[in-house]
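One-letter residues, chain by chain:
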Amino acid sequence: GVVLGVARNRAGDSAIHSSHRARGDTWARPTGGRHAGTPRALRCRCPAASGRLTRVTVCAREESPAGVFVGLSTLDLVQHISPVPAADAKGTATWQELCGGGPALNAAVVFAALGGRATLVTRLGPGAVADLVRADLAAHGVRVVDLADDDYSLAVSAIAVDPDRGTRQIISTDAGRVAAPIDRLPPQAAEFVAHADVVLLDGHHPDLAAATLEELA
């Protein structure tokens, strides 16, 4: 069985993938079951206090749990600046990163970094912006099921972080508008959900969440 949970809180961050903006604290608790997989090395980028990137390598063993993460993906432009400029002012950042973001994406990256087999069911769409996020997810060992239509435009989130105060500002279009919401998951996504040890819904893309719940009913 699977227990699902969502706790939306814009102040939450991913502990391991802390450079990524987390739109909401999300949680999911497995209730048992393991499935075979292929051992592989996974990597997670973890910005240290100095802003330099470190590499963490783990191995997903055959008995590693399978997780499906359903929800939002974005491309995040994260910059550290202290203080954050006021209106009509400019400033110079001390650190920056361009990376994938969104609650479901962040959770999938952390799950993979801890040795799980992560599948992200989301909307990326076409274009160079989406390709950057695909490459980031591939580098972290996350499988992607992209359910975007050809007109979907992936959100770019501009994030200013004040490391001295521990605060941030986020500007984003989030999930945006979807031209053709889905009623049922396609067979590939449904198969991943059916064999998952844990499923997480982040509250974005409500049609994807509803279709996932139908598969679990």
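Note that this is a predicted model, so its numbers are computed, not measured.

1. Overview of unusual backbone geometry
Reasoning step 1: Going from Ser 82 to Pro 83, the amide bond is cis rather than trans, its omega being -5°.
Reasoning step 2: Inspection of the secondary structure assignment puts Pro 83 in the loop between strand 6 (74–80) and strand 7 (95–101).
Reasoning step 3: The backbone of Asp 88 shows a phi angle near 65°, a positive value even though the residue is not glycine.
Reasoning step 4: Note on placement: Asp 88 falls in the loop between strand 6 and strand 7.

2. Examining the nonpolar core
Reasoning step 1: Phe 69, Ala 118, Leu 120, Val 133, Leu 137 and Val 142 are the most contacted members of the largest nonpolar core, which totals 20 residues.
Reasoning step 2: Ranked by residues supplied to this core, first place goes to helix 1 (residues 103–113) with seven residues.
Reasoning step 3: Among all residues touching Leu 137, those that are not within four sequence positions of it are Leu 105, Val 109, Leu 120, Val 142 and Val 144.
Reasoning step 4: Ranked by size, the runner-up nonpolar core spans 15 residues in total, among them Val 145, Ala 189, Val 199 and Ala 211.

3. Side note on the pattern of salt bridges
Reasoning step 1: A complete count under the given rule lists five salt bridges for this structure.
Reasoning step 2: One salt bridge in this structure joins Arg 134 and Asp 131, with 2.9 Å as the shortest N-O distance. Note that Arg 134 and Asp 131 are positioned in helix 2 (residues 128–139) at a spacing of three residues, about one turn of the helix.
Reasoning step 3: The class of Arg 134 is partly exposed, set by a relative accessible area of 30%.
Reasoning step 4: Its relative accessible area of 43% is what places Asp 131 among the partly exposed residues.
Reasoning step 5: Linking Asp 162 and Arg 165 is a salt bridge whose minimum nitrogen-to-oxygen distance equals 3.9 Å.
Reasoning step 6: Among the charged side chains, a salt-bridge network with shared partners connects Asp 131, Arg 134 and Asp 146.

4. What to know about the environment of Glu 63
Reasoning step 1: Inspection of the secondary structure puts Glu 63 in the loop between strand 4 (53–59) and strand 5 (66–70).
Reasoning step 2: Owing to a relative accessible area of 42%, Glu 63 belongs among the partly exposed residues under this scheme.
Reasoning step 3: Between the C-alpha atom of Glu 63 and that of Gly 115, which follows or precedes it by 52 residues, the distance is 10.0 Å.

5. As for the sheet that holds strand 8 (residues 117–122)
Reasoning step 1: Spatial strand order, 9-8-5-12: four strands in an open sheet with parallel pairing. Lying at the two open borders of the sheet, with one neighbouring strand each, are strand 9 (143–146) and strand 12 (198–201). Looking at each pair of strands side by side, their axes are set apart by 15° on average, direction ignored.

6. Things to note about the pairing of strand 10 (residues 156–162)
Reasoning step 1: Burial of strand 10 is extensive: five of the seven residues sit out of reach of the surface.
Reasoning step 2: Pairing between strand 10 and strand 11 (residues 167–171): five bridges, direction antiparallel. When the bridges of strand 11 are listed, Asp 162 appears paired with Thr 167.
Reasoning step 3: The antiparallel pairing of strand 10 with strand 11 creates a hairpin that spans four residues between the two strands, and Gly 166 there sits at a positive phi of about 70°.

7. Remarks on a nonpolar patch on the surface
Reasoning step 1: Taken together, the side chains of Leu 77, Leu 98 and Leu 132 make up a nonpolar region of the molecular surface, amounting to roughly 250 Å² of accessible area.
Reasoning step 2: Inspection of the secondary structure puts Leu 98 in strand 7.

Cut-offs applied
Per chain, residue numbering runs from 1 following the sequence as it is written. Since the coordinates come from a predicted model, pLDDT governs what is reported: local features require at least 70, and pairs of side-chain atoms require 80 or more to be given and counted, while whole-chain, interface and lining totals use all residues. To obtain the side-chain values, all non-hydrogen atoms of the structure were used and water was disregarded. Secondary structure elements are defined from DSSP: runs of H or I of at least 4 residues count as helices, runs of E of at least 2 residues count as strands, and each element is numbered from the N terminus. Put simply, a nonpolar core is a bunch of buried Ala, Val, Leu, Ile, Met, Phe, Trp, Tyr and Cys residues held in one set by side-chain atoms that sit within 4.5 Å of each other. With a 1.4 Å probe rolled over the protein chains alone, any residue whose accessible area is under 20% of its type maximum counts as buried; one over 50% counts as exposed, and the rest are partly exposed. Residue contacts follow a heavy-atom distance rule, with two residues in contact if any of their heavy atoms lie within 4.5 Å. Put simply, a salt bridge is a Lys or Arg side-chain nitrogen that is within 4 Å of an Asp or Glu carboxyl oxygen. Strands are labelled as partners when DSSP assigns at least two bridges between them. The convention used is that axes are lines fitted to C-alpha atoms, helices contributing only their stretch in contact, and that angles between N-to-C directions extend from 0 to 180 degrees. Each patch groups residues whose relative accessible area exceeds 30% and which form no salt bridge, using 9 Å between like charges and 5 Å between nonpolar side chains of Val, Leu, Ile, Met, Phe, Trp and Tyr. For every accessible area listed, the method is Shrake-Rupley and the probe measures 1.4 Å; residues are considered covered only by the protein chains on display.

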